[in-house]
Amino acid sequence: MTSTTSRRVLLAKPRGYCAGVDRAVQTVEIALEQYGAPIYVRKQIVHNVHVVKTLEEKGAIFVDETEEVPEGAIVVFSAHGVAPSVHQEAAGLSLRTIDATCPLVTKVHKEAVRFARDDFDILLIGHEGHEEVIGTTGEAPDHIHLVDGPDDVANVQVRDPDKVAWLSQTTLSVSETVATVEKLRERFPNLLDPPSDDICYATQNRQTAVKEMAAGAELVIVVGSRNSSNSVRLVEVAKEHGADDAHLVDYADEIDPAWLAGVTTVGVTSGASVPDELVHGVLAWLAERGYGDVQEVEPVEEHMRFSLPKELRRDLRAEPGAQLPITPVG
Ligand code: 2E7
Ligand code: F3S
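Residues numbered from 1 in each chain as written. Chains lettered and ligands numbered in written order. Predicted model: local features only at pLDDT ≥ 70, side-chain atom pairs only at ≥ 80, totals over all residues. Heavy atoms only, no water.

(A) Structural view of the overall build of the chain. When helices and strands are tallied, the chain shows 10 helices and 12 strands. In terms of C-alpha radius of gyration, the chain reaches 21 Å, essentially the compact-globule figure of 20 Å for 330 residues. Along the three orthogonal principal directions, the C-alpha set of the chain runs to about 65 × 55 × 35 Å. A total of 330 residues make up the chain; the buried ones form 53% of that total. In the chain, the proportion of contacts linking residues at least 24 apart, taken out of those at least 6 apart, comes to 74%. Distance from the positive charge centre (30 side chains) to the negative charge centre (53 side chains) of the chain: 4 Å. (Helix = DSSP H or I, 4+ residues; strand = E, 2+ residues; numbered from the N terminus. Rg over C-alpha atoms; globule rule 2.2 N^0.38 Å. Buried < 20%, exposed > 50% of the residue type's maximum accessible area, 1.4 Å probe, protein only. Contact = heavy atoms within 4.5 Å. Lys, Arg positive; Asp, Glu negative; His and termini not counted. Charge placed at Lys NZ, Arg CZ, Asp CG, Glu CD.)

Right, dumping it as structure tokens:
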């Protein structure tokens, strides 16, 4: 039996919204205010069921394909990015587009275009079927080969083993990606690195924080949705770095009280697409069960912000006396 007085929560920081998610969610909210409902959004704006549900209640309509959007309507492209063919399709349907692709994904797209222009085979490390991977691959489909983790390295076929570069999805496990690159370099010693890290600052910081927290926690609860790549990675990293048990939940009511058996310290964190109110719901649920002592673990500070998409900034600026809601620094 765990004594009530020793029960505590370690709360990871940074957690939750990254700058790209903040920008993408604000984009839909401001578009709804500026142009009125409905605003169409291609795919989930970010991979979080609560965010999608909340925006639907405000008048956003989520569609899977651009062709589902009525001619002339406004469509927002999600934070995960789209292939150039999606922009072309939207133009063909005379849609008004607002591109909420995270600037750090756009950076990877540009790297792909540059390596393809120099006729490199590009090994894109990422998860098959993920929207970000589909979008990046669409920039250079004839040059990009997907490498889905270290075990997939043996399957890679390239034209010239001396003219190969690697790129990655932004939300991968840092340690697994290092392992994949090491294996790729064994096969291709002249493998070129990306000009800068593709795994983004937010993914890296959330993994750093969960590692430090998991070392002192028997159970880790990660708030996030099943299809959220970066959230799923946080569960894996927690298990690899000391937590006996780790689970992903969308809401506090998904926590099984049996997980707490014999647990003194619970670690809590959330993925980059998760509003902090959902974490507060988990903290309240834990407090009701004697885990009311909350200590933050903050191994790294985060201050990144991005400006809104240019299409939206242009229209907001055109309004007399309009105030841009976030400082454009990105
Ligand atoms: C965009 C990008 O929406 P998410 O859960 O997405 P992932 O990629 O982790 O499934 O998190 C925010 C986000 C992360 N990466 C948005 Cl490219
Ligand atoms: Fe962008 Fe990284 Fe967030 S790629 S959307 S800053 S998780």
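Moving on, there is more to tell.
(B) Fine view of the sheet that holds strand 11 (residues 265-270). Judged by pairing direction, the sheet is parallel, and its five strands sit side by side in the order 10-9-11-1-12 without closing on themselves. Since the sheet does not close on itself, it has two edges, and those belong to strand 10 (245-249) and strand 12 (294-297), each with one partner. In this sheet, adjacent strand axes meet at a mean angle of 25 degrees when their direction is disregarded. As paired elements, strand 9 (residues 219-223) and strand 11 share five bridges and run parallel to each other. Following the sheet pairing, Val220 is matched in strand 11 by Gly267. Taken strand by strand, helix 7 (residues 201-214) contacts strand 1 (8-12), strand 9, strand 11 and strand 12, and its axis lies near 175 degrees from that of strand 11. The strands that helix 9 (residues 276-287) touches are strand 1, strand 9, strand 10, strand 11 and strand 12; relative to strand 11, the one it contacts most, it runs at about 165 degrees. (Pairing = 2+ DSSP bridges. Axes fitted to C-alpha atoms, helices over the stretch in contact; angles between N-to-C directions.)

(C) Structural detail: the environment of Met213. Inspection of the secondary structure assignment puts Met213 in helix 7. Owing to a relative accessible area of 0%, Met213 belongs among the buried residues under this scheme. Sequence-wise, Met213 and Gly242 are 29 residues apart; in three dimensions their C-alpha atoms are separated by 8.8 Å. Apart from residues lying up to four places away in sequence, Met213 is in contact with Leu10, Leu11, Ala12, Val220, Gly267, Val268, Thr269 and Val297.

(D) The site of ligand 2, seen in detail. Inspection of the region around ligand 2 gives Cys18, Gly20, Val21, Cys102, Leu104, Thr170, Cys200, Tyr201 and Ala272 as its neighbouring residues. Residues of the shell around ligand 2, tallied by class, amount to seven nonpolar, two polar and no charged. (Near = heavy atom within 4 Å. Nonpolar A, V, L, I, M, F, W, Y, C, P; charged D, E, K, R; others polar.)

(E) Broad picture of the pattern of salt bridges. Following the criterion strictly, the structure yields 17 salt bridges and no others. A salt bridge links Glu29 to Lys58; the shortest N-O distance between them is 3.3 Å. Of the two residues, Glu29 is situated in helix 1 (residues 19-35) and Lys58 in helix 2 (residues 49-58); the sequence distance between them amounts to 29 residues. Taking the relative accessible area as the measure of exposure, Glu29 reaches 27% and is therefore partly exposed. Close ionic contact of Glu236 with Arg233 constitutes a salt bridge, the shortest N to O distance being 2.9 Å. Linking Glu236 with Arg233, this pair stays in helix 8 (residues 229-240), spanning three residues, or about one helical turn. (Salt bridge = Lys/Arg side-chain N within 4 Å of Asp/Glu carboxyl O.)

(F) Quick look at the packing of aromatic side chains. If you walk through the whole model with that rule in mind, you get one aromatic pair. Taking 5.7 Å as the distance between ring centres and 55 degrees as the angle between the ring planes, the aromatic pair formed by Phe115 and Phe120 counts as tilted. Across the pair, Phe120 and Phe115 agree in class, each one buried. Above the plane of the ring of Phe120 lies Lys163, whose end atom (NZ or CZ) is 5.5 Å from the centre. One residue, Arg289, lies across the ring of Trp285, its end atom 3.7 Å from the ring centre. (Phe/Tyr/Trp six-rings, centres within 6.5 Å; stacked < 30°, edge-to-face > 60°. Lys NZ or Arg CZ within 6 Å of the ring centre and 35° of its normal.)

(G) Looking closely at the side chain of Thr136. In this fold, Thr136 is placed in helix 5 (residues 131-137). For Thr136, the side chain forms a polar contact with the side chain of His109, separated by 3.5 Å. Setting aside residues up to four positions removed in sequence, Thr136 forms contacts with Val108, His109, Ala112, Leu124 and Ile144. (Polar contact = N/O pair within 3.5 Å; in protein donor to acceptor, adjacent residues only side chain to side chain.)

(H) Structural detail: the sheet that holds strand 7 (residues 144-147). With parallel pairing, the three strands of this open sheet are ordered in space as 7-6-8. Both outer strands of the open sheet, strand 7 and strand 8 (164-168), are each paired with one neighbouring strand and no more. Shown here is a sheet whose adjacent strand axes are inclined to one another by a mean of 30 degrees, direction ignored. Pairing analysis gives five bridges linking strand 6 (residues 121-125) to strand 8, with the strands arranged parallel.

(I) Structural view of unusual backbone geometry. In this structure, Pro14 follows Lys13 across a cis peptide bond, with omega equal to 0 degrees. Within the element layout of this structure, Pro14 appears in the loop between strand 1 and helix 1. Of note in this structure, Lys43 is not a glycine but carries a positive phi near 70 degrees. Along the polypeptide, Lys43 turns up in the loop between strand 2 (39-42) and helix 2. On the basis of relative accessibility, which here comes to 16%, the residue Lys43 falls in the buried class. Even without being a glycine, Ser94 presents a positive backbone phi close to 55 degrees. Within the secondary structure, Ser94 sits in the loop between helix 3 (84-92) and strand 5 (96-99).

Purely geometric numbers; function is a separate question.
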